Amino acid sequence: MRLLHGHSRTRPLLRRAALTGAALLAVTAAAPQASAATAAADRGPSGGGLSAVIRYTENGIPHILAQDYAHLGFGTGWAQAADQVCVLADGFVTVAGERSRWFGADAAPDGSLSSATGNLSSDLYFKGVREAGTVERLLATPAPAGPSRDLRELMRGWAAGYNAWLAQNKITDPACKGAAWVRPVTTLDVASRGFAVSVLGGQGRAVDDIAAARPPAGAAAGGGAVTRTGPATGTDPAAAAEAARAFFDTSRYDMGSNAVAFSGPTTANGRGLLLGNPHYPWKGGRRFWQSQQTIPGELNVSGGSLLGTAVVNIGFNEKVAWSHTVATGTPVNLHQLTLDPADPTTYLVDGAPERMTRRTVSVQVTGGAPVTRTQWWTRYGPVITGLGPGLPLPWTAATAYALNDPNAANLRGSDTALAMGRARSVAGIQDALKRTQGLPWVNTIAADSAGGTLFTQSQVLPRITDELAARCSTPLGRATYPVSGLAVLDGARGDCALGSDPDAVQPGVFGPAAAPTLRDAPYAENSNDSAWLANADRPLTGYERIWGSAGAPRSLRTRGAVEDVSAMAAKGRLTVADLQRQQFANRVPAGDLAAADAARACAALPGGAATASDGRTVDVSAACPVLAGWDRTAGTGSRGALLFDRFWRRLTAGTAAKDLWLVPFSAADPVHTPRTLNRAAPGIGRALADTVAELTAAGIAPDAPLGEHQFVVRGGQRLPVPGGTEALGVWNKVEAPWNAAAGGYPEVVHGSSHIQAVGWDGSRCPVARTLLTYGQSSDPASPHYADQTRLFSQERWVTSRFCERDILTSPQLKVVRPHERR
């Protein structure tokens, strides 16, 4: 067993924690032998089976104590079920391919486990994965290419804990109370959910197009879906490139993040600091859930887990903290197939024919007969009909396209998280990434107690070098690769195979040595742009295009973040409190760049009037002083933030960057360009008129405080929400659909989620502040349904209880000891 530092004083606490709740507060720090430290955790229920000790502290955060990985998984599965049983059960219906059976073929999934637009296509894909034995094969693959024994035990225990909670408790959440689709699960179900997360950026984004692919009319194969029309060879290259760029544009995802690590020379005590601010959905199966997981002498980690996973995905321990941001690496590539003229289900490689593999899948549909479809797979992956609506890839008599997603052979993501939880430094984080190679679509940013920092884009990517793309791209690929990193290779040539790196645990992917990496910079930051400006003073270059762009414009969120964190690093003497201030500064970079000039352009309009899109003349004069006087933040009390937000969305949607700014982008000054709003841009007056007309019709004053119109309703109470949208560049990102009739932005769909600000003070306890913006539970009746949402509304934090003395002195301490009943 790996021995973690700093456990000697906590062992008696761990032993006594497994006894009764009343005894906990009387615990003292005696020094028993190591064997006694785990005695209580080792002591299972009298009937045998798995068990754990769960200590709940404020906000329903569980601290799970167990003797080994199976028992730890048991406690984690139990505790997740207690908070999120309906959301979890819904996801297990998804990965079993049974949504149409229970919810109807035409309804839509929540989007958490794939981009399928309907239950039928979701079921066809996931049922096909299940019937092909894909996940079973991955589970049976020995480590390091497959999951470790520890992870297998965690998943086995998680399934047992979830099932035990179902067997021993009544569901009260109205979302699934009494529902027949809530059922016990297996290790395979848990692993299948992990597989779905792994392919979210690849096959998971092409589920509709996998399900829709069928040979052209006259082929002997079956099918049933209608293929798209219009040959890809006739697609305008510029249009194809733009469609591919938009498809892989991370700013358009419903997941994103900011994270920054500060090194020792920038901090008050010479130790590192980390601020993680993931932007994830607020509802559904891609929510985070908080916990602390402890196996004495082996593992002690606290943080956020994606629902249905048995590990802490982002978090901290006594020595190191880390977070992830969605990366710009393009996680897939296409192979353009040359088909046998006599059989469009046979393709040629070096002139030799290869038959596609048929997968005939039948899906049960509620109230109707089963639906049967055929999918087609090749050596490269499934045949698809497109990537998004803008890039059709029709299957003709001569050509088809296959999707290569290397993460469809990657079930290692949770092993990576587990290894990071055991790391003792940023070097240990880097070693964990090198050994496990499991992250499918994220970067890693880390800091440690010795003052080290790390940024690395160590994700699983197809091994597309610029040389290979130049040598093997089809005409379509020559258009898409430079702009988006999407390679379209000639599948008819054996010499266009992806090859392998010697340090890769999986064929056809880059090894970790190729990943853009920055160690021990004063700051290391990412806001979903490429690795290039992880530190603007030490730009990363020289990586292959598939990893992301360099020398190209950055998002406003990246620009604002780099301005903020570089200024913080230059100021120095930083503490966790500085991280907390950065999270809720709510600075609007777009406002700093454009609000003053927009106000001047507004004031210069003849008669204070402008022409709206519908031709109406609108008096906008009242908006001009509001824009001029706005404090350039998106705090709940900010007057002018809502006006600028609605104006800026309209202006940027209808005005090209070249017409918007007087100073164009310069790669020599990427943080500060483009800049200087073109006050003569014709769209300014129109955007002002449309915005003022919209707000007037909704009864909203131009200077209304943001929080009166950006809010959520929990328990009948309006909670104002701070932060702003991607278009504004706000660090504290929130995305909410506009609904004027309901008051503006009445619900957040995604944004700041599991936030953590972490440092160290030389003691054995990290200095950590956390916030789970939407709370631990999805059940409206739970006390933890909105408690942290209220904290988020008030820009307040939770003080993490990591060390045993802090856990055991919680005024809200509650101890639960679940176990299997056999």
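Residues numbered from 1 in each chain as written. Predicted model: local features only at pLDDT ≥ 70, side-chain atom pairs only at ≥ 80, totals over all residues. Heavy atoms only, no water.

Chemist: Hey, could you run me through the overall build of the protein chain in this one?
Modeler: Check the secondary structure of the protein chain and you find 25 helices and 32 strands. Compactness check: the protein chain gives a C-alpha radius of gyration of 27 Å against a globular reference of 28 Å for 822 residues, within 12% of the reference. With the C-alpha coordinates of the protein chain rotated into their principal frame, the extents come out at 80 × 70 × 55 Å. Contacts in the protein chain between residues at least 24 apart in sequence constitute 68% of all its contacts with a sequence separation of at least 6. Carbon and sulfur atoms make up 53% of the accessible area of the protein chain, which amounts to about 28400 Å² in all. (Helix = DSSP H or I, 4+ residues; strand = E, 2+ residues; numbered from the N terminus. Rg over C-alpha atoms; globule rule 2.2 N^0.38 Å. Contact = heavy atoms within 4.5 Å. Areas by Shrake-Rupley, 256 points an atom, 1.4 Å probe, with all protein chains shown as cover.)

Chemist: Explanation requested: the nonpolar core in the structure shown.
Modeler: What tends to happen in soluble globular proteins is that the nonpolar side chains get buried as a cluster. Membership of the largest hydrophobic core comes to 173 residues, with the highest contact counts inside it found for Y162, F195, F262, L387, L391, I429 and I464. Element by element, the count of residues in this core is highest for helix α5 (residues 69-95), at 15 residues. Counting 45 residues, the second-largest nonpolar core is a separate cluster that includes L627, L643, L677 and I700. (Core = buried A, V, L, I, M, F, W, Y, C linked by side-chain atoms within 4.5 Å. Buried < 20%, exposed > 50% of the residue type's maximum accessible area, 1.4 Å probe, protein only.)

Chemist: Help me understand the layout of surface pockets, please; the structure alone is not making it clear to me.
Modeler: Gaps left between atoms are located by rolling a probe of water-molecule size over the structure's atoms. Empty space within the largest pocket amounts to approximately 1200 Å³. If you trace the largest pocket, you find 34 residues lining it, with R245, D249, S251, P553 and S555 closest to the centre. At the level of secondary structure, the elements contributing two or more residues to the lining of the largest pocket comprise α16 (475-484), α17 (556-571), α21 (641-654) and α22 (657-660). Sort the elements by how many residues they give to the lining of the largest pocket and α17 lands first, with three residues. Taken together, the residues that form the lining of the largest pocket break down as twelve nonpolar, 13 polar and nine charged. (1 Å grid on protein atoms, 1.4 Å probe; cavity = no way out; pocket = protein on both sides within 12 Å on 5 of 7 lines; lining within 4 Å. Points joined across faces, edges and corners; volume = space filled by probe spheres on them. Nonpolar A, V, L, I, M, F, W, Y, C, P; charged D, E, K, R; others polar.)

Chemist: What is the right way to look at empty space enclosed by the protein in this model?
Modeler: Enumeration according to the criterion identifies ten cavities of 30 Å³ or more in this entry. In this structure, the largest cavity spans a volume of roughly 440 Å³. What lines the largest cavity is a set of 29 residues, among which V197, L306, N313, G413 and S414 lie closest to the centre. When residues of the lining of the largest cavity are traced back to their parent elements, those giving at least two are α9 (149-168), α10 (187-198), β4 (273-281) and α13 (413-422).

Chemist: Before we go on, may I ask you to explain the sheet that holds strand β19 (residues 517-519) in this structure?
Modeler: What links the strands of a sheet is backbone hydrogen bonding, and the strands pair in either a parallel or an antiparallel sense. Ordered by their spatial adjacency, ten strands build an open sheet running β19-β17-β16-β8-β7-β6-β5-β2-β1-β32, and the pairing between neighbours is mixed. At either end of the open sheet lies a strand with only one pairing partner, and these are β19 and β32 (814-816). Within this sheet the neighbouring strands show an average axis-to-axis angle of 20°, counted without direction. For strand β2 (residues 61-65) and strand β5 (residues 288-295), the ladder comprises three bridges, and the chain directions are parallel. (Pairing = 2+ DSSP bridges. Axes fitted to C-alpha atoms, helices over the stretch in contact; angles between N-to-C directions.)

Chemist: I keep staring at the packing of helix α7 (residues 119-131) against α10 and nothing clicks. Help me out?
Modeler: Between two packed helices, what matters for the description is the angle formed by their axes and the separation of those axes. At their nearest, the axes of α7 and α10 sit 12 Å apart, and the two run at 125° to each other. Here α7 is positioned oblique relative to α10, judged by the angle of their axes. Crossing geometry of α7 relative to α10 is assigned as right-handed. In this structure, α7 uses Y125, F126, V129 and R130 to contact α10, whose residues at the interface are L188, D189, S192, F195 and A196. (Parallel < 35°, antiparallel > 145°, perpendicular 65-115°, else oblique. Left-handed = near helix turned anticlockwise from the far one by under 90°.)

Chemist: Quick question: what am I supposed to make of the state of the cysteines here?
Modeler: Where two cysteines share a covalent bond between their sulfur atoms, that bond is called a disulfide. Counting across every chain of the model gives four disulfides. Covalently, C472 is tied to C496 through a disulfide, its sulfur atoms 2.1 Å apart. Judged by the torsion about the S-S bond (-90°), the C472/C496 disulfide is left-handed. You can see C472 sitting in helix α15 (residues 466-472) and its partner C496 sitting in the loop between β18 (488-490) and β19, a full 24 residues away along the chain. Here C472 matches C496 in class, with each residue buried. (Disulfide = S-S within 2.5 Å.)

Chemist: In this structure, what is going on with the confidence of the model for the protein chain? I would like to understand it.
Modeler: As a general rule, the predicted coordinates of low-pLDDT regions are not to be interpreted in detail. For the protein chain, per-residue confidence averages 92 on the pLDDT scale, and residues scoring 70 or more make up 92% of the total. Ignoring residues within four places in sequence, the model shows residues 1-46, a span with pLDDT below 50, making 87 contacts including any to other chains. (pLDDT = per-residue confidence, 0-100.)

Chemist: Would you mind going over the packing of aromatic side chains with me for this structure?
Modeler: What describes a pair of aromatic rings is the distance from one ring centre to the other and the angle between the planes of the rings. By the definition in use, this model includes 21 aromatic pairs. Measuring from ring centre to ring centre gives 5.9 Å for W282 and F792, while their planes differ by 65°; the resulting arrangement is edge-to-face. Of this pair, W282 sits in the loop between β4 and β5 while F792 sits in helix α24 (residues 787-793), placing them 510 residues apart in sequence. The buried category is assigned to F792, whose relative accessible area is 1%. Between the aromatic rings of W648 and W661, the centroid separation amounts to 6.0 Å while the plane-to-plane angle is 55°, which identifies the pairing as tilted. Remark: W661 occurs in strand β23 (residues 661-663) and W648 occurs in helix α21; sequence separation between them is 13 residues. Through pairs of rings, three or more aromatic residues link up here, namely W282, F584, Y774, F792 and W797. Directly above the aromatic system of W377 lies the positively charged group of R359, at a separation of 3.7 Å from the ring centroid. Geometry around W738 places R646 over its ring, the cationic atom sitting 4.1 Å from the centre. (Phe/Tyr/Trp six-rings, centres within 6.5 Å; stacked < 30°, edge-to-face > 60°. Lys NZ or Arg CZ within 6 Å of the ring centre and 35° of its normal.)

Chemist: Just to check I follow, could you spell out the packing of α9 against α10 for this structure?
Modeler: The contact between α9 and α10 brings their axes to 8 Å, and the two run at 115°. Comparing the axis directions of α9 and α10 gives the class roughly perpendicular. The chirality of how α9 crosses α10 is right-handed. On α10, the residues touching M155, R156, W158 and A159 of α9 are T187, V190 and A191. Classifying every residue of the contact of α9 with α10 by side-chain character gives five nonpolar, one polar and one charged.

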